[in-house]
Amino acid sequence: MAAPAPKQEELQPHAVRDQLPSVSYCLTSPPPWRTPFLPSFPPLPPISSSAPSVLAAAAAAACARCFLDLSLGLATDAVSLVFNAAEAVLLGFQHYLVMLGTTVIIPTALVPQMGGGNEEKARVVQTLLFVAGINTLIQSFLGTRLPAVMGASYTFVAPTISIILAGRYSGIADPHEKFVRIMRGTQGALIVASTLQIIMGFSGLWRIVVRLLSPLSAAPLVALVGFGLYELGFPSVAKCVEIGLPQILLLVALSQYIPHLVPLLSTAFERFAVIMSIALIWLYAFFLTVGGAYKNAAPKTQFHCRTDRSGLVGGAPWISVPYPFQWGAPTFDAGEAFAMMAASFVALVESTGAFIAISRYASATPCPPSVMSRGIGWQGVGILLGGLFGTANGTSVSVENAGLLGLTRVGSRRVVQISAGFMIFFSILGMAGVGFLQFCNLNSFQTKFILGFSLFMGLSVPQYFNEYTSVAGFGPVHTHARWTSWFWLYLLLCTVEFDIVAFALHRFKVYRHGCDIVFWCYVLLKSPSSSFYCSFGTLKSCKLRDAFPCAHVQFNDMINVVFSSKAFVAGAVAYFLDNTLHRRDGTVRKDRGHHFWDRFRSFKTDPRSEEFYSLPFNLNKFFPSF
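Residues numbered from 1 in each chain as written. Predicted model: local features only at pLDDT ≥ 70, side-chain atom pairs only at ≥ 80, totals over all residues. Heavy atoms only, no water.

Visitor: Break down the overall build of the protein for me, citing the residues and quoting the values.
Guide: A tally of regular secondary structure across the protein gives 27 helices and two strands. In the protein, which comprises 626 residues, the proportion classed as buried is 47%. A total of about 30,500 Å² of accessible surface is found on the protein, and carbon and sulfur atoms cover 68% of it. (Helix = DSSP H or I, 4+ residues; strand = E, 2+ residues; numbered from the N terminus. Buried < 20%, exposed > 50% of the residue type's maximum accessible area, 1.4 Å probe, protein only. Areas by Shrake-Rupley, 256 points an atom, 1.4 Å probe, with all protein chains shown as cover.)

The structure is reproduced here in structure tokens:
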């Protein structure tokens, strides 16, 4: 009789995990500064069966061995202290190098258009680094407490360019004076824009929005926070392909292949692949520059490939401490402020996705909505600091550094705090989103529709806006309807106290041709609703367009900035579909992963939240999380 066929092993899907496994150092387990040595004492012979001379000899031998072990142990302890401290410092320095790229690229692109030279560019870079270091420390101690590096954001570039092109600066002949005036205008816009995140974060409004997030709606948001930078990837590499391409190949080889070929050094290559590849490729580029490889190259090629063309080293002073209002008092313009507020809202959404990814890479539980809202509030404070110090750019979570957490598998808070120290010192002297689909039922056609449609729209809509702008010179939203500026002004007046508005408008002289806007502010706020249109029409009849000459342009920028963000479009579409399609159905909620995140929607429902997200110095008593 033939033996029965062996029972085929039933295949099981991978287990769902609240915390990412295989992380070397998680959020609360940083690289140790030292490994304490405890000497081992040899056992003495029993007193009952030993003569006094034997006991004395054994005690002397034990003391000698203890002294030798203690000496060797202290030496080993000192070596361990050096190596462990060096590991933590190098990991922090690696984060500093990664964020330095964006910190240099944005001022390099903006400052020359503002009228500044190498000296102004170096000061802006120093100020950006200084403010980024402060914001990173604030976020790691008082914000979400995640290992998030706060730095410059490409989201704020578009409204900044709009300010640069404003007509009120076109008549300034002196380049330095033009730079200072534009910088002060940017400062004012950033100060106003920071209030959006501060109010939404600290008031708890953003907590209400985050509570409705599910793994399904978070997946497109987090994915396109990283994927949204693909336009800046290889196109930037191609500007100097003989240096950029070897950098990519070397980084992949050091981080993915060599650790398997050299097991003894696998940890070093996995954790320090970035700093190794940067050092080797920079030396390679330096030798090409010294050897004259670019002597006869085009100026554009020399600018991108040579190691001596940035102008930052020559333009930077030896010691420079950034301070508030170093460029002068900020100036305010309503249209510019609203355009910058649109960018601030987009940065708020993108940072939410980045915080979700970082909590995953740090092997922490999902960030509770109250903690997320707290972090957004402090990010708004970071934008306020950028406006006070004059960085010409806002603050958001550095997506590049979030990816570095996944590459090195080191999600330690201490490492990021060390990198913040490097930022301050030197200023003075995508696949995470896909991982959230493990919580969803991908056999559900509705889940697939929401995921596919949101990703498609997140990539397609911004691409349309970018292509339209590159061909036509302006975005698809290109209206000259001035009612938009008046409507926004009315909304502003209805949300703040009249005395504050009157003082601000009088202080910054927002009135022209004898039409006292302060008076009409009073008429608008005091008139009954039945006479609103009459008062509004009276205000409209004044030459308000002279007070806000670029208001219609700024409204266009507000719309174009919002819909040019891939993460914002994808996240908004997924969020809307997830919360409108059969949201009350229990089976549908399980398909979208709501049941996995329900216990993290409140700070107290999971004990691990206290471990990962509680404030230091017992501050939770004064600033409780909900």
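Visitor: Please give an account of the packing of aromatic side chains that cites residues and values.
Guide: In total, this model carries 12 aromatic pairs according to the counting rule given. Ring geometry for phenylalanine 179 against tryptophan 327: centres 5.2 Å apart, planes inclined by 85°, an arrangement best described as edge-to-face. With phenylalanine 179 in helix α4 (residues 175-202) and tryptophan 327 in the loop between α11 (312-315) and α12 (334-361), this residue pair connects regions lying 148 residues apart in the sequence. Through successive ring pairs, a cluster of aromatic residues spans Trp206, Phe345 and Phe568. Of note, arginine 123 hangs over the ring of tryptophan 327, and the distance from its end group to the ring centre comes to 4.3 Å. (Phe/Tyr/Trp six-rings, centres within 6.5 Å; stacked < 30°, edge-to-face > 60°. Lys NZ or Arg CZ within 6 Å of the ring centre and 35° of its normal.)

Visitor: Before we move on, can you summarise a nonpolar patch on the surface with the specific residues and values?
Guide: There is a patch of nonpolar side chains on the surface, built from Phe234, Val241, Leu245, Ile248, Leu249, Val252 and Tyr257 and spanning about 630 Å² of accessible area. Here the nonpolar patch gets six residues from one element, more than from any other, and that element is helix α8 (residues 241-261). Topologically, phenylalanine 234 is positioned in helix α7 (residues 234-237). (Patch = residues over 30% accessible without salt bridge, like charges linked within 9 Å, V, L, I, M, F, W, Y side chains within 5 Å. Salt bridge = Lys/Arg side-chain N within 4 Å of Asp/Glu carboxyl O.)

Visitor: Residues and numbers for the state of the cysteines, please.
Guide: Tallied over the entire structure, the rule returns one disulfide. Two residues share a disulfide in this structure: cysteine 240 and cysteine 305, whose sulfurs sit 2.1 Å from each other. The disulfide joining cysteine 240 to cysteine 305 has a torsion of about 130° about its S-S bond and is therefore right-handed. Of this pair, cysteine 240 sits in the loop between α7 and α8 while cysteine 305 is found in helix α10 (residues 299-305), placing the two residues 65 residues apart along the sequence. (Disulfide = S-S within 2.5 Å.)

Visitor: So what about the pattern of salt bridges? Which residues, and what values?
Guide: By the definition in use, this model includes five salt bridges. Ionic pairing is found between arginine 271 and glutamate 87, a salt bridge with its closest N-O pair at 2.2 Å. One end of the pair, arginine 271, is in helix α9 (residues 266-290); the other, glutamate 87, is in helix α1 (residues 52-114), and 184 residues separate them in sequence. The exposure class assigned to arginine 271 is buried, which follows from its relative accessible area of 12%. Between aspartate 578 and arginine 592 there is a salt bridge whose closest N-O contact spans 3.2 Å. In this pair, aspartate 578 sits in helix α24 (residues 566-578) while arginine 592 sits in the loop between α25 (586-591) and α26 (594-597), placing the two residues 14 residues apart along the sequence. A residue is classified by how much of its surface remains accessible, and arginine 592, at 2% relative accessible area, is buried.

Visitor: Describe α9, listing the residues and the values that go with them.
Guide: Counted at 1.5 Å a residue, the expected span for α9 with its 25 residues is 36 Å, and the 34 Å between its end C-alpha atoms agrees. Of the residues making up α9, those classed as buried are Ser266, Phe269, Arg271, Phe272, Ala273, Val274, Ile275, Ser277, Ile281, Ala285 and Thr289. (Expected span 1.5 Å × (residues − 1).)

Visitor: I'd like a description of the environment of threonine 307, backed by residues and values.
Guide: Residue placement: threonine 307 occurs in the loop between α10 and α11. Through-space distance from the C-alpha of threonine 307 to that of alanine 285 is 6.7 Å; in sequence the pair is 22 residues apart. With near-sequence residues (within four places) excluded, threonine 307 lies in contact with Trp282, Ala285, Phe286 and Thr289. (Contact = heavy atoms within 4.5 Å.)

Visitor: Go over unusual backbone geometry, please, and point to the residues and values.
Guide: Here the phi dihedral of alanine 392 falls at roughly 60°; this positive angle occurs in a residue that is not glycine. Locating alanine 392 in the fold gives a position in the loop between α13 (369-389) and β2 (395-397). Despite not being glycine, arginine 409 has its phi angle at roughly 60°, a positive value. Mapped onto the elements, arginine 409 comes out in the loop between α14 (399-408) and α15 (413-428).

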